[in-house]
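Each chain is listed here by its residues.
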Amino acid sequence: MISHLVGNNRFCFSRSLIHDSSLSHDVQPHLPGILRQCVQHFHSPLWSVRNAALQLFGGLMPRILGQKKLRSADEDSFYNSITATELFARHITLAPILIQNLQRSDEGGDPINPSLVPILSMLSRVAPGLAKGDDVDTDLKQHLITFQWLFVKYLSHAQYMVRQLAAKSLISFTCQSEMVSTLKMLQRLWQENKTRSTNMEHGILTALYMGTKLLKMEYPDQFKEYQGCIQQSIGNFQFFFTS
């Protein structure tokens, strides 16, 4: 009883610190460590501890991801969002923490892993950059590739919300220069798996829809180049082009 009260108080105290704007510069280096504690306590058998950890996790998001300067009616808008490269360059120790937890969820086979949805929700809010760039650290490039393949694996997850967030995260982590090649990869994956798994088919089509919508809205020249290819492959899905 005492131990979980101490845990709850610790989370409440941490939340007060990260909400204090006068301490934002001092707290910044400790954000990945605080996030690690949140994720670990999502697995607590005590609801009060899980709830306190989730509230702290929610409070961390504006500090880690930043806040949009303009509000948009479209929640899927990437306007003013931080890119994945910027996020992990700013918080160097964050990527290994998140990858470790996503890999653990993938290996565990537990369809109700309590840390999976919060992590994917966070990662789905980053924005695609123009290109990864040659100046990006080699370890960071490898981290980004690992994230993308984990997202692809989660496209076949049993839970609808996980598939939805994995699809959005995959597109969020795909820079403009690689968007078309990623969508073509998803088309091939869909052709290979459309008769095997309904969950996989749904996850792939969701990612294809989100990526195609992004191309149409943000990169019209690339969309024109890609439109014929996707119509030939999955031409009966007219909502890809009318949404």
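You'll find the structure just up there.
Residues numbered from 1 in each chain as written. Predicted model: local features only at pLDDT ≥ 70, side-chain atom pairs only at ≥ 80, totals over all residues. Heavy atoms only, no water.

Draft legend 1. Expanded view of the packing of aromatic side chains. In the structure shown here, the tally under the stated rule is six aromatic pairs. Seen in terms of ring centroids, Phe-147 and Phe-151 are 6.1 Å apart; in terms of plane orientation they differ by 25°. Their pairing is stacked. Here Phe-147 pairs with Phe-151, and both are found in helix α8 (residues 138-154), just four residues apart, close to one helical turn. Arranged with centres 5.2 Å apart and planes meeting at 50°, the rings of Phe-147 and Phe-173 form a pair that is tilted. Of the two residues, Phe-147 is situated in helix α8 and Phe-173 in the loop between α9 (160-172) and α10 (176-193); the sequence distance between them amounts to 26 residues. According to the relative accessible area criterion, Phe-147 is buried, its value standing at 0%. Following the ring pairs from residue to residue traces out a cluster consisting of Phe-88, Phe-147, Phe-151 and Phe-173. (Phe/Tyr/Trp six-rings, centres within 6.5 Å; stacked < 30°, edge-to-face > 60°. Helix = DSSP H or I, 4+ residues; strand = E, 2+ residues; numbered from the N terminus. Buried < 20%, exposed > 50% of the residue type's maximum accessible area, 1.4 Å probe, protein only.)

Draft legend 2. Structural context of α8. Helix length check: α8, at 17 residues, gives a terminal C-alpha distance of 25 Å against a target of 24 Å (1.5 Å per residue), a fit within 8%. Of all the residues in α8, the buried ones are Leu-140, Leu-144, Thr-146, Phe-147, Gln-148, Leu-150, Phe-151, Val-152 and Tyr-154. (Expected span 1.5 Å × (residues − 1).)

Draft legend 3. Representation of the nonpolar core within the structure. Leu-35, Ile-64, Phe-88, Leu-102, Met-122 and Phe-147 are the most contacted members of the largest nonpolar core, which has 64 residues in total. With eight residues, helix α11 (residues 198-218) is the single largest residue contributor to this core. Setting aside residues up to four positions removed in sequence, Leu-102 forms contacts with Leu-116, Ile-119, Leu-120, Leu-123, Phe-147, Leu-150, Phe-151 and Tyr-154. (Core = buried A, V, L, I, M, F, W, Y, C linked by side-chain atoms within 4.5 Å. Contact = heavy atoms within 4.5 Å.)

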